[in-house]
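Overview (structure and organization)
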Amino acid sequence: MSANIHAMTKIDRPLALRVLQLTDPHLMADPGGELLGVNTRDSLDAVIAQVLHDHGQPDLILATGDIAQDASEEAYRLFGDKLKAFRSSSVWIAGNHDDSPLLARIAAENRADQRHVIQGGWQFVLLDTSVPGKVFGHLADSELAFLESTLLENPDTPALIALHHHPVEIDTEWMSPIGLRNRDAFWQVVDRFSQVRIVLWGHIHQDLDQSRKGVRLLATPSTCIQFTAGSVEFSVEDKAPGYRWFELLPSGDFATEVSRATDFAFELNCNSSGY
Ligand SMILES: [Fe+2]
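Residues numbered from 1 in each chain as written. Predicted model: local features only at pLDDT ≥ 70, side-chain atom pairs only at ≥ 80, totals over all residues. Heavy atoms only, no water.

1. Let's talk about the overall build of the protein chain
For the protein chain, the helix and strand inventory stands at five helices and 15 strands. In terms of principal-axis extent, the alpha carbons of the protein chain reach across some 45 × 40 × 40 Å. The buried share among the 275 residues of the protein chain stands at 59%. Carbon and sulfur atoms make up 48% of the accessible area of the protein chain, which totals about 11100 Å². Between the averaged position of the 22 positive side-chain charges in the protein chain and that of its 38 negative side-chain charges there is a distance of 5 Å. (Helix = DSSP H or I, 4+ residues; strand = E, 2+ residues; numbered from the N terminus. Buried < 20%, exposed > 50% of the residue type's maximum accessible area, 1.4 Å probe, protein only. Areas by Shrake-Rupley, 256 points an atom, 1.4 Å probe, with all protein chains shown as cover. Lys, Arg positive; Asp, Glu negative; His and termini not counted. Charge placed at Lys NZ, Arg CZ, Asp CG, Glu CD.)

In structure tokens:
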């Protein structure tokens with residue numbers, strides 16, 4: 001079998017670990033809270049319903065940041081309540097819109113604060129790239145040391161690394177200054193460890209599927225609004241909210257795909273100059 005399987009149907013499903021990525025829900029304390037015309041609670045509900053319809057229950061959920069738009073305690077508690085639709089455990093990391101310490105506190109109450117998970121023959125390393133008051137991302141020395149020591153201690157277990165900010169240049173020009181700033185330091189660690197199979201992120205509100213030195217690079221639509229891929233200026237497009245699904249085998253082989261809540265009705269305000 002090849003290291004990366006693109007067609008979901010080729011995976012030996014009974015043996016696979018089923019992992020759901022939900023990203024950038026941008027929840028708000030206000031039940032009527034909207035992002036560019038989209039009620040972010042309603043769109044997350046639609047995505048969760050789509051997961052249960054298309055894929056069923058996951059074994060693990062990765063929530064890759066911008067869980068709250070307003071960094072409110074209510075938004076984090078609401079996210080924990082929404083995830084009760086699933087039986088599996090989850091892990092949450094912060095994005096640029098989040099209050100990382102507050103998120104960590106509410107995540108702990110939901111047993112979603114682990115930073116390293118070993119499950120189903122895979123390991124998941126969760127990194128905090130958020131910088132208080134900034135839109136761009138940065139990995140503190142402590143995060144880089146955590147990544148390095150974790151990979152050093154677990155050399156034989158296929159690894160998925162999850163973070164919020166994009167660690168490579170993408171073709172959406174306005175997002176160029178707001179990615180992971182010290183990405184060279186990140187790759188200097190990752191490049192030393194052959195067990196890393198996947199680097200996964202949120203933040204860019206769009207589907208991305210590339211590879212770099214044998215590592216699959218994946219990003220995923222937001223559960224609310226979508227940014228237009230390939231745009232020079234800030235731009236949103238009316239694609240449906242979505243999520244990413246993985247089926248992972250202990251051999252390191254895996255399949256992944258993006259699904260969208262295509263029945264979710266919304267009227268996007270395309271004239272905004274930011275979010
Ligand atoms: Fe976001």
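2. What to know about the pairing of strand β10 (residues 208-212)
As paired elements, β10 and strand β11 (residues 215-219) share five bridges and run antiparallel to each other. Note that in β11 the partner of R212 across the bridge is V215. The hairpin turn running from β10 into β11, its antiparallel successor, is two residues long, and K213 in that turn takes a positive phi close to 50°. (Pairing = 2+ DSSP bridges.)

3. Notes on the sheet that holds strand β1 (residues 17-22)
The five strands lie next to each other as β5-β4-β1-β14-β15, forming an open sheet whose pairing is mixed. In this open sheet, the two strands that pair with only one neighbour each are β5 (89-93) and β15 (254-260). The average angle at which neighbouring strand axes cross in this sheet is 20°, direction not considered. As paired strands, β1 and strand β14 (residues 242-248) are joined by five bridges and run antiparallel to one another. Directly across from R18, in β14, lies its bridge partner E247. (Axes fitted to C-alpha atoms, helices over the stretch in contact; angles between N-to-C directions.)

4. Here we look at the coordination of the iron ion
At this site the iron ion is bound by D24 (OD), H26 (NE2), D66 (OD) and H205 (NE2), with donor distances of 2.1 to 2.3 Å. Given four donor atoms and angles of 90 to 176° at the metal, the environment of the iron ion is assigned as irregular. Of note, the iron ion draws all its donor residues from one chain, in the sequence arrangement D-x1-H-x39-D-x138-H. Of the two residues, D24 is situated in the loop between β1 and β2 (34-35) and D66 in the loop between β4 (60-64) and α2 (73-82); the sequence distance between them amounts to 42 residues. For the pair formed by D24 and D66, the shared burial category is buried. (Donors = N, O, S within 2.8 Å, 3.2 Å for Na, K, Ca; no water. Tetrahedral: all angles 85-135°; square planar, octahedral: opposite > 155°, others 65-115°.)

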